There are 2 protein chains.
Amino acid sequence: MYTIAIDAMGGDFAPDITVRGSVSALRAFDDLRVLLVGQAERIQPLLEGAQDVLDRAAVVDAREIVENTESPVMAIRHKTDSSLVRAIGLVREGEAAALVSAGSTGAVMAGGLFRLGRIKGVERPALAAPLPTVNGGQALLVDVGANVDCLPEYLLSFARMGSAYMRQVMGVAVPRVALLGIGEEAEKGNQQTKAAYALLRESGLHFVGNLEARGVPMGEADVVVVDGFAGNILLKSMEGITKAIFKLLKEELHASGRAKVGAMLAKGAFSRLKSKLDPDEVGGAPLLGVNGAVIKAHGNSGAHAFFCAIRQARSMLEGDVVNIIRREGNHSQS
Amino acid sequence: MYTIAIDAMGGDFAPDITVRGSVSALRAFDDLRVLLVGQAERIQPLLEGAQDVLDRAAVVDAREIVENTESPVMAIRHKTDSSLVRAIGLVREGEAAALVSAGSTGAVMAGGLFRLGRIKGVERPALAAPLPTVNGGQALLVDVGANVDCLPEYLLSFARMGSAYMRQVMGVAVPRVALLGIGEEAEKGNQQTKAAYALLRESGLHFVGNLEARGVPMGEADVVVVDGFAGNILLKSMEGITKAIFKLLKEELHASGRAKVGAMLAKGAFSRLKSKLDPDEVGGAPLLGVNGAVIKAHGNSGAHAFFCAIRQARSMLEGDVVNIIRREGNHSQS
C-alpha cells in the first residue's frame, strides 16, 4: 500500500480539483491511500459520492493556506498549520511516503529542502520537469529552478538523479543523458558546462554529449541537465511558444469561412496535437534529492492533471526512486 | 548611397541565393550598392539578366571559402583570401559600411570582433536576434551566443545597444527593455541578473523589469537582455518547439481523410501562420558593438531571407545605428 499526502488546499482550483483528482486516483489504483490535508469542512463535502474508496482516504485538518504571493521560506517557517507544511510533516514522520502539491513552487521546494532535508551526499536537490517529445515519449529536464547558480558538480548530481528517475519511473533501461548547451562540440558552452562535460564523460552514465535546445522536443535525450536558470528559461519558452502558436493558429483559422470549415473538419487532429503537447499529461515536476517523493503539480492543474501527478508520485514509490538515489544517485564524492 | 559588402560564398546555398537576394535588394532600393565578394567565375554568370541594376553592383574576387566546420578564429586569421575576410576588410577600409553574411556564425562574430574591433567603451559586442511576436512585431534578444559568460555590466551594455537598434531600425520610440529571468520580482534570478537588475533600474532606459521566457513571443518587451548561453537556449528552443509543433500537426492532419480535407481548406491559414513565425521574415542577427553594421543571415537562408537581411543592414545604415551606439550605447563608464 502506497500512502500519499495531498496538499488539498494548494493550487488555483483547490480543494475542488485536488479532491476530485485524488478520488480518481484511488479508483484507478487499489494499492493507494491518500491523506487529504486542509480545511476539513471544505474537503469533506467533496468526498460525498466517493463511498467506494473512502476506506483508503483520510482527511487531516489544517487551517492555514500558503499563498503564491508570500515568501516561500517565511511561509514554511511560520505557517505551521498550513496544508502544505502539515502534508510535508506527514512525509517527514513516515505517515506518508510521498507528497503531491499544486501550491507555490517556491514553498514546495523550500518545504522539501528544509523539512524533509536533502539525501546525504546529494549535492543539491533539483526540480525536474518531464517534457513531452514528438515521438510520444518524454525528456526529463533537470534543474528547472531550484538552483539558479550551479557548480559543475551539481550538474553531475542532477544527471545521476534524473537517470534514476527515468529508469525507475519511465522504464528507460539506459537513459541517454545530455548536457543542455549551445553546440554539440565538447568545447562549446560556458565555463560551467565545459567543466560539467568532463565530469559527465567520466561518470559511468550513458552520456551523449551536448544537446542544443531544439533537440529536446525532438526526443534526442532522456535526461537533459542544465542549471536552474537556463532550465527554467527553456521550460517557460516552450510553454510560451506553444501558447503563441495556438493563439495565432486560432486567429488564422477564424480569418475566413473556408478556413473555419477546414478547422471544423480537422478538429480531431488539433485536439490530439494539443494533448500530445500537454504538459499535464506527463505529470508534475518531481523534486529530486530530498528524503521523500515530492511532486509539484502545475498551479492551474485540473482534476485530470492532478490525477496524473498522483499517479506519478505512486510510480516514484513503486520504483523506489528515493532509495535508489540514496544508493546510487550520489557517487560524486567517490 | 549605402554600400554593403556581401559574403557571396557564405551559407548553405551560396552563391546562388546570395546573388539573387542581392539583385532583389538592388531593385527594391535605388540608394543601395553591393560589393559581391567571392569566386568571380561563379558569381558573374548569376548576374546575367540583372543588367538593370549592374551599375550598382561590383564583384570582388576572393578565392577561399570559410567552412562551418573549421575553427572560426583560425579561419579569420589564416583564410585571408576568403569571401568573408575580404568582405570584412572592405568594411574596415571604408569601402563598404555594412557586411551581410550567411556563413559560419562563429566566423562572422570572430571577424567582426578581431577585424572591425569593438566600439570604444562598449563592454562586449553582442549578437542579437529579432524574434517574431504574436502581435506582428518583433522582440530583440541580446545576446544569443557571442558572450556565454557575462558580467552584469555587459547586460547593461546589451540593453543600450539593443535600445538603439530598436529605435533606429524598427522605429520604436521608447523601447521597453526587459531582463530575461525566472520570475517577475526583482529578487528572482541568478547572481548575475540580480546585479544587472540594479544597473538597469538606474540606467535611464525604459526598463520594465524581469520577463519570463513565455512573455517574449507575447511581445511583452522590445529588447530582452540575457547572457549568450541562456539567450542561445531560448532562441534554439523556440526554433525547436515550432518545428516540433508543425511536424506533429502535419502528422495529425494526415491521420484521417476528414482531417486531410480540413487541412486543404485551411491551407492558407497554415501558411500565414508559418510566415508570421518565420524568423526569415524578420531578418538576420545584427552583431552590435563593432565598428560596422554586421548582419549574420541564417545559414539556410533562401533568396528572400537573404534579401531581408540586406534590407535590415540598409536600415541599420539609414538609422546610423553604429554611430548612435558610439555616442550613447556606452554610458556604463560614466
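Scroll up for the structure.
Computed from a predicted structure; not experimentally measured.

S.K.: Would you mind going over the state of the cysteines in detail, with residue names and values included?
M.R.: The full count for this structure, using the stated rule, is zero disulfides over all chains. Here Cys 150 of chain B is not disulfide-linked; the sulfur of Cys 150 of chain A is the nearest cysteine sulfur, at 17 Å. Relative accessible area serves as the criterion here: at 12%, Cys 150 of chain B is assigned to the buried category.

S.K.: Account for the interface of chain A and chain B, naming residues and giving values.
M.R.: Facing 51 residues of chain A, the contacting portion of chain B comprises 51 residues. Around 4900 Å² of area is buried between chain A and chain B when both sides are counted, 74% of it from carbon and sulfur atoms. Sorting the residues of chain A by area buried against chain B places Phe 229, Glu 252 and Leu 265 of chain A first, and these three jointly supply 14% of that buried surface. Note that Arg 214 of chain A is salt-bridged to Glu 239 of chain B, the shortest N-O span being 2.6 Å.

S.K.: Give me the lowdown on the relation of the copies chain A and chain B, citing residues and values where you can.
M.R.: Mapping chain A onto chain B leaves a residual RMSD of 0.0 Å; the transformation is a rotation of 180° accompanied by 0.0 Å of translation along its axis. Such a turn and shift between the copies fits a two-fold axis. Distance from the rotation axis, computed per C-alpha, reaches its smallest value in chain A at Gly 262 of chain A: 1.7 Å. Taken as a fraction of all interface residues of chain A, those also at the interface in chain B reach 100%, which identifies the copy contact as same-surface.

S.K.: Can you lay out the sheet that holds strand S6 (residues 138-142) of chain B for me, pointing to particular residues and giving the numbers?
M.R.: All names here are of chain B. Taken in spatial order, the eleven strands line up as S3-S2-S1-S4-S11-S10-S5-S6-S9-S7-S8 in an open sheet, and their pairing is mixed. Edge strands, defined here as strands with exactly one partner in the open sheet, are strand S3 (57-61) and strand S8 (206-212). Strand-to-strand twist of the sheet, defined as the mean angle between neighbouring strand axes without regard to direction, takes the value 25°. Inspection of the sheet shows strand S5 (residues 126-132) paired to S6 by five bridges, in the antiparallel sense. Across the sheet, Ala 129 pairs through a bridge with Leu 141, a residue of S6.

S.K.: So, helix H13 (residues 321-328) of chain B: which residues are in play, and what are the values?
M.R.: Within H13 of chain B, burial applies to Val 321, Val 322, Ile 324 and Ile 325 of chain B. End-on view of H13 of chain B: buried residues confined to an arc of 165°, all on one side of the axis.

S.K.: Describe in detail the nonpolar core, supporting the description with residues and values.
M.R.: Among the nonpolar cores identified, the biggest contains 94 residues, and Val 216 of chain A together with Val 216 of chain B are the most heavily contacted of them. Setting aside residues no more than four positions away along its own chain, Val 216 of chain A makes contact with Leu 131, Thr 133, Ala 139, Leu 180, Leu 211, Val 224, Leu 234 and Met 238 of chain A.

S.K.: For the packing of aromatic side chains, give the residues involved together with the corresponding values.
M.R.: Following the criterion strictly, the structure yields five aromatic pairs over all chains and no others. Look at Phe 270 of chain A and Phe 270 of chain B: their rings are 6.3 Å apart centre to centre, the planes differ by 55°, and that puts the pair in the tilted class. Within this pair, whereas Phe 270 of chain A is found in helix H10 (residues 267-277), its partner Phe 270 of chain B is found in helix H10 (residues 267-277), the two belonging to separate chains. The same class applies to Phe 270 of chain A and to Phe 270 of chain B, which are both buried. When the ring of Phe 29 of chain B is compared with that of Phe 307 of chain B, the centres are 6.4 Å apart and the planes differ by 15°; the resulting orientation is stacked. One end of the pair, Phe 29 of chain B, is in the loop between helix H1 (16-28) and strand S2 (32-38); the other, Phe 307 of chain B, is in helix H12 (residues 303-318), and 278 residues separate them in sequence.

Rules behind the numbers
- Residues numbered from 1 in each chain as written.
- Chains lettered and ligands numbered in written order.
- Predicted model: local features only at pLDDT ≥ 70, side-chain atom pairs only at ≥ 80, totals over all residues.
- Heavy atoms only, no water.
- Disulfide = S-S within 2.5 Å.
- Buried < 20%, exposed > 50% of the residue type's maximum accessible area, 1.4 Å probe, protein only.
- Contact = heavy atoms within 4.5 Å.
- Buried area = accessible area lost by both parts, 1.4 Å probe.
- Salt bridge = Lys/Arg side-chain N within 4 Å of Asp/Glu carboxyl O.
- Least-squares fit on C-alpha atoms with pLDDT ≥ 70 in both.
- Pairing = 2+ DSSP bridges.
- Helix = DSSP H or I, 4+ residues; strand = E, 2+ residues; numbered from the N terminus.
- Axes fitted to C-alpha atoms, helices over the stretch in contact; angles between N-to-C directions.
- Arc of directions from axis to C-beta.
- Core = buried A, V, L, I, M, F, W, Y, C linked by side-chain atoms within 4.5 Å.
- Phe/Tyr/Trp six-rings, centres within 6.5 Å; stacked < 30°, edge-to-face > 60°.

In short, geometric facts, not functional conclusions.
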